[in-house]
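If you want the building blocks of each chain, they are given just below.
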Amino acid sequence: MTIGGLVGVPVLRALVSPGFDRTAPAAWIKVADDINTLDLGVPIKVDFVEVVNDVWVESRLLRSVWLYTEDAQAFTAFSGVCPHLGCSFFFEADKKVFHCPCHHGLFDGKSGAVLGGPPPRGLDTLEVRVEDGALFVKHRLFRPGISTKEVLA
Ligand code: FES
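Below: a short report on this structure. Just so we're clear, the structure is a prediction, and the values are computed from it rather than from any experiment.

## Topic: the environment of Glu58
Relative to the helices and strands, Glu58 resides in strand S3 (residues 57-69). When the 9 C-beta atoms within 10 Å are taken as the criterion, Glu58 is described as exposed. Apart from the residues within four sequence positions on either side, Glu58 is in contact with Val51 and Asn53.

As structure tokens, then:
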């Protein structure tokens, strides 16, 4: 291959598909400053802004996760993206379920398991870690519409 060919490949790739490289490492997001202030036995929604650099454009995307703990020692974090087709969902406290309004997907409020509707899998869980009393979530996106949990970014 010529030097022109070596230089041309990355340039061509950037021109054709600047957003092609989706392999950036997942970010750890601080979602609670103090784990002892979290409500117990009730899912809590936490919104945050993710900065995405796509070669020429820096975008700020509003993301959300749902946290659940019964004892402020063990934590579950769910992606805020419905695994059916990617809508946001909310918690119905009286029924203790997550409800996705797009196609009426229902998920258990504690485990995230599918209770009804078209979602092919339960809510996607995220890795969590506690550091100096703060709670962090490793934010990822997963392929919607399939029965298995497949990382997209
Ligand atoms: S996107 Fe949530 S049920 Fe369809």
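## Re unusual backbone geometry
Of note in this structure, Val55 is not a glycine but carries a positive phi near 65°. Mapped onto the fold, Val55 is located in the loop between strand S2 (44-54) and S3. One non-glycine residue, Lys96, lies in positive phi territory at about 60°. Structurally, Lys96 is set in the loop between strand S5 (90-92) and strand S6 (97-100).

## Digging into the sheet that holds S5
Spatially, S5-S6-S7-S8 is the arrangement adopted by the four strands of the open sheet, whose pairing is antiparallel. Edge positions in the sheet fall to S5 and strand S8 (114-116), since each of these pairs with one other strand and no more. Going from strand to strand, the sheet's axes swing by 35° on average, the running direction of each strand aside. Alignment of S6 against strand S7 (residues 105-108), held across four bridges, turns out to be antiparallel. Bridge pairing in S7 places His99 opposite Leu106.

## Side note on the pairing of S3
In this structure, S2 lies alongside S3, joined through 11 bridges in antiparallel fashion. Bridging from a neighbouring strand, Val46 pairs with Val65 of S3. Between S2 and S3, which pair antiparallel in sequence order, lie two residues; one of them, Val55, sits at a positive phi of approximately 65°. Across five bridges, the pairing between S3 and strand S4 (residues 75-79) is antiparallel. Paired with Val65 across the two strands is Ser79, which belongs to S4.

The rules behind the values
- Residues numbered from 1 in each chain as written.
- Predicted model: local features only at pLDDT ≥ 70, side-chain atom pairs only at ≥ 80, totals over all residues.
- Helix = DSSP H or I, 4+ residues; strand = E, 2+ residues; numbered from the N terminus.
- Buried ≥ 20, exposed ≤ 12 C-beta atoms within 10 Å, placed from the backbone.
- Contact = placed C-beta atoms within 7 Å.
- Pairing = 2+ DSSP bridges.
- Axes fitted to C-alpha atoms, helices over the stretch in contact; angles between N-to-C directions.

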